[in-house]
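# Per-entry structural report
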Amino acid sequence: MAELTTLADAVATLVRDGDTVALEGFTHLIPVAAGQEIIRQRRRDLTLVRMTPDIVYDQMIGAGCARGLVFSWGGNPGVGSLHRFRDAAANGWPAPLTLEEHSHAGMANRYAAGASGLPFAVLRGYTGTDLPAHTANVATVTCPFTGETLSAVAALNPDVAIVHAQRADRRGNVQLWGITGVQKEAVLAASRSLVTVEEVVDELEPRPGAVVLPTWVVSAVAVAPRGAHPSYAQDYYDRDNDYYRTWDAISRDRDTFTAWLDEHVYRTVTT
Amino acid sequence: MSDNSDYSADEMMTVAAARALVGRTACFVGIGLPSMAANLARRLHNPDLSLIYESGTIGAKPATPPLSIGDGELATTADSVVTSAEIFNYWLQPGRIEVGFLGAAQLDKFGNINTTVIGSDYAHPKVRLPGAGGAPEIAASCGEVYVVLRQSPRAFVEKVDFITSVGHGDGPGHRERLGLRGRGPTLVITDLGVLKPDPDTRELTLTALHPGSDVDAVRAATGWKLAVAPTLEESRPPTGEELDILRALRRDG
């Protein structure tokens, strides 16, 4: 059963130095507050996993939390590059960062295999690209029925998955809707999981198309209102596009970034 | 209505890209220029065009062009919102999406796409780009692929530094040998004109010029010895209506 706790306590308990950690969210419901709490608690040597690392991963990488990144598209959507990510990958600042990259289809299938308790997944993908040459986690497999050669991707089973959802009930059942990406697969694939939510309600009213994570597959639920900002939580608040645009200038320069981190993360206390 | 004698090369490119979607059913849309063109097409020529974004939104009808491929408006206006595994496995992979619409950082003469690194040393690139996203499988599995990209020698290269998404590989028969099911890039729309793969050599060949551009200008903006079709078409300039709607989209986006 999920424990209802504070974000600070949940991160302290669930996220350990050296862990493989997936904070998932495809543009929507990105667990930004949780990522910043990981920075605040100064976790180190994490292997960060995410299909679409954006500015919260830029912040975590720039703060020195990560030694590796497993991903399929790293950028500031609609704006440009992630400067802290690039600085770490190219110059090892503030710490060297190893990269393992995939396609979105490959990453989604890696999570699906992890959630399914299988060692790998099969897909039509990667064929003819230069991507498989740079990772051991893509190979080929022969179909036992047709003899066709297909791509295989290794299962992804993070130590911890962290996602943000609209709401949970008091028993820790979680409900999220809108664009839900790979959040369900990430939680089911991981050894431990944390869900931050906009609010805790007495009763989860059924919603069309919503994903429900029963309390017994979640380790901890923590209330973090606006915890996905500057991304959005459908039916709660909109995407803060200006923040994404502003991030470009803040993140471009090491000193500006460090000052931002000090003011907006280290000196801010979560409740 | 806008005066259609005054428009930019970028506007011509976007309008030409939107026109390519006339009569199409479904389009897998990349962010940026492809998204702007696809949204323009839906307003102008093809209101029933189903826009599919890799965030899992099928049949999105945004009133304003999205900044990201997962903006809330894509989800709230979509016919259906599905998970990441589903959009790639059930919708893209079997080849049921007619057109994939992509941008690129580098494009080579066989239409191969690079969005990963600039420079020949993967571990120490000159420029680290965002990476693959959905493009490798969009390029592999959509019925055909349109690419929209501003033309310059830096972007249009003899051979891409990294094959993120396969076009026509190293030439005739390569896609077939790889077992790729879609036809690959059939149309490249730039700010100067239109390129299509030659049916025999698979090399991208200049087939149309936008008004005001000429073969020398296109050649100067291409990093390989560009083949030119025996007869060149000339793109129709944007109409006042096309410009009005495009400019309104830009203003809101």
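Just so we're clear, the structure is a prediction, and the values are computed from it rather than from any experiment.

Criteria and thresholds
Residues numbered from 1 in each chain as written. Chains lettered and ligands numbered in written order. Predicted model: local features only at pLDDT ≥ 70, side-chain atom pairs only at ≥ 80, totals over all residues. Helix = DSSP H or I, 4+ residues; strand = E, 2+ residues; numbered from the N terminus. Rg over C-alpha atoms; globule rule 2.2 N^0.38 Å. Buried ≥ 20, exposed ≤ 12 C-beta atoms within 10 Å, placed from the backbone. Contact = placed C-beta atoms within 7 Å. Nonpolar A, V, L, I, M, F, W, Y, C, P; charged D, E, K, R; others polar. Pairing = 2+ DSSP bridges. Axes fitted to C-alpha atoms, helices over the stretch in contact; angles between N-to-C directions. Core = buried A, V, L, I, M, F, W, Y, C linked by C-beta atoms within 7 Å. Parallel < 35°, antiparallel > 145°, perpendicular 65-115°, else oblique. pLDDT = per-residue confidence, 0-100. Right-handed = clockwise from strand over helix to strand, strands pointing away. Left-handed = near helix turned anticlockwise from the far one by under 90°.

### Focus on the overall build of chain B
Looking only at helices and strands, one finds eight helices and 15 strands in chain B. Relative to the compact-globule value of 18 Å for 253 residues, chain B shows a C-alpha radius of gyration of 17 Å, a close match. By the burial criterion, 56% of the 253 residues in chain B qualify as buried. In chain B, 67% of the contacts between residues at least 6 apart in sequence involve partners at least 24 apart.

### Concerning the overall build of chain A
Counting secondary structure elements, chain A contains eight helices and 13 strands. Taking 18 Å as the expected radius of gyration for a compact globule of 271 residues, we find that chain A reaches 18 Å, a close match to that expectation. In chain A, buried positions account for 55% of the 271 residues. Across chain A, the fraction of contacts at a sequence separation of at least 24, relative to all contacts at a separation of at least 6, is 74%.

### Concerning the interface of chain A and chain B
The interface of chain A with chain B comprises 45 residues on the first partner and 39 residues on the second. Listed by contribution, the elements that provide at least two residues to the side of chain A that touches chain B are α4 (83–91), α5 (104–116) and α6 (183–189) of chain A. Here the element with the most residues in the side of chain A that touches chain B is α5 of chain A; it accounts for five residues. Within the side of chain A that touches chain B, the residues separate by chemical class into 16 nonpolar, 21 polar and eight charged.

### Remarks on the sheet that holds strand β6 (residues 106–108) of chain B
All names here are of chain B. The strand order across the open sheet formed by three strands is β7-β6-β11, and the pairing between neighbours is mixed. Edge strands, defined here as strands with exactly one partner in the open sheet, are β7 (113–114) and β11 (156–157). For β6 and β7, the ladder comprises two bridges, and the chain directions are antiparallel. By the bridge assignment, Gln-106 is partnered in β7 with Asn-114.

### A short note on the sheet that holds strand β7 (residues 138–142) of chain A
All names here are of chain A. Read across the sheet, three strands follow the order β6-β8-β7 without closing on themselves; strand pairing throughout is antiparallel. Looking at strand neighbours, the two that pair on one side only are β6 (120–123) and β7, the edges of this open sheet. For this sheet the average axis-to-axis angle between neighbouring strands, irrespective of direction, equals 40 degrees.

### Quick look at unusual backbone geometry
Residue and element names in this part refer to chain A. With omega at 0 degrees, the peptide bond leading from Trp-93 into Pro-94 counts as cis. Omega for the peptide link from His-229 to Pro-230 comes to 10 degrees, which places this bond in the cis form. Examined against the element boundaries, Pro-230 turns out to sit in the loop between β13 (220–223) and α7 (241–252). With a phi angle near 55 degrees, Arg-42 is a residue other than glycine that sits in the positive phi range. Residue Arg-42 is classed as exposed on the basis of its C-beta count, with 11 C-beta atoms lying within 10 Å. Positive phi outside glycine occurs at Asp-235, with the angle close to 75 degrees. The exposure class assigned to Asp-235 is partly exposed, which follows from the 13 C-beta atoms found within 10 Å.

### Section: helix α1 (residues 9–19) of chain B
The buried fraction of α1 of chain B amounts to eight of the eleven residues, a majority that puts the element mostly inside the structure. Considered for burial, the residues of α1 of chain B that qualify are Glu-11, Met-12, Met-13, Thr-14, Val-15, Ala-16, Ala-17 and Ala-18 of chain B.

### Considerations on the pairing of β13 of chain A
Residue and element names in this part refer to chain A. When strand β1 (residues 3–5) meets β13, the two strands line up parallel, connected through three bridges. Residue pairing in the sheet places Leu-4 in a bridge with Val-221 of β13. Where strand β11 (residues 192–201) meets β13, four bridges bridge the pair, whose relative direction is parallel. Across the sheet, residue Val-197 finds its bridge partner in β13, namely Val-223.

### So, the nonpolar core
Ranked by size, the top nonpolar core spans 162 residues in total, and within it Met-60 and Val-195 of chain A together with Cys-27, Ala-37, Ile-52, Tyr-146 and Ile-189 of chain B carry the most contacts. Dropping the residues within four chain positions of it, Val-195 of chain A is found in contact with Val-163, Ala-165, Ala-168, Val-174, Leu-213, Val-218 and Val-221 of chain A.

### As for the packing of helix α2 (residues 32–40) of chain A against helix α3 (residues 55–62) of chain A
All names here are of chain A. The interhelical angle for the contact between α2 and α3, taken along N-to-C directions, is 0 degrees, at an axis separation of 10 Å. Taken together, the axis directions place α2 and α3 in an arrangement best described as roughly parallel. Counting all contacts with α2, which are made through Val-32, Gly-35, Gln-36, Ile-38 and Ile-39, the residues of α3 involved are Val-56, Gln-59 and Met-60. In terms of residue class, the contact of α2 with α3 is built from five nonpolar, three polar and no charged.

### Remarks on the environment of Lys-126 of chain B
Tracing the backbone through its elements, the reader meets Lys-126 of chain B in the loop between β8 (117–118) and β9 (127–128). Discounting chain neighbours no more than four positions away, the residues touching Lys-126 of chain B are Ile-118 and Gly-119 of chain B.

### Quick notes on the environment of Gly-240 of chain B
All names here are of chain B. Within the fold, Gly-240 resides in helix α8 (residues 240–252). C-alpha separation for the pair Gly-240 and Asp-3, spaced 237 residues apart in sequence, amounts to 5.9 Å. The residues contacting Gly-240, other than those within four sequence positions of it, are Met-1, Ser-2, Asp-3 and Asn-4.

### Some words on α3 of chain A
All names here are of chain A. Judged by how many residues are buried, α3 sits mostly within the fold: eight of eight residues are covered. When α3 is considered as a whole, its buried residues turn out to be Ile-55, Val-56, Tyr-57, Asp-58, Gln-59, Met-60, Ile-61 and Gly-62. Looking one or two residues past α3, Gly-64 carries a phi angle of roughly 90 degrees, positive in sign.

### What about the confidence of the model for chain B?
Averaged over every residue, the pLDDT of chain B is 95; residues scoring 70 or more account for 99%. Overall fold confidence (pTM) sits at 0.96, and the ipTM for the predicted complex is 0.96.

### Focus: the environment of Trp-216 of chain A
Assignment of secondary structure puts Trp-216 of chain A in the loop between β12 (211–213) and β13. Separated by 63 residues in the primary sequence, Trp-216 of chain A and Val-153 of chain A have C-alpha atoms spaced 28 Å apart.

### Overview of the pairing of strand β5 (residues 98–101) of chain A
Residues and elements named next belong to chain A. When strand β4 (residues 66–71) meets β5, the two strands line up parallel, connected through four bridges. Across the sheet, residue Val-70 finds its bridge partner in β5, namely Glu-100. For the crossover from β4 across α4 to β5, the handedness is right-handed.

### Some words on the packing of helix α1 (residues 7–14) of chain A against α2 of chain A
Residues and elements named next belong to chain A. Two elements in contact, α1 and α2, have axes whose closest approach is 10 Å; the angle formed by their N-to-C orientations is 60 degrees. In terms of orientation, α1 lies oblique with respect to α2. Judged by the sense of rotation from one axis to the other, the crossing of α1 with α2 is right-handed. Counted together, Leu-7, Ala-8 and Val-11 of α1 and Ala-33, Ala-34, Glu-37 and Ile-38 of α2 form the full contact between these two elements. Residue classes in the contact of α1 with α2 are distributed as six nonpolar, no polar and one charged.

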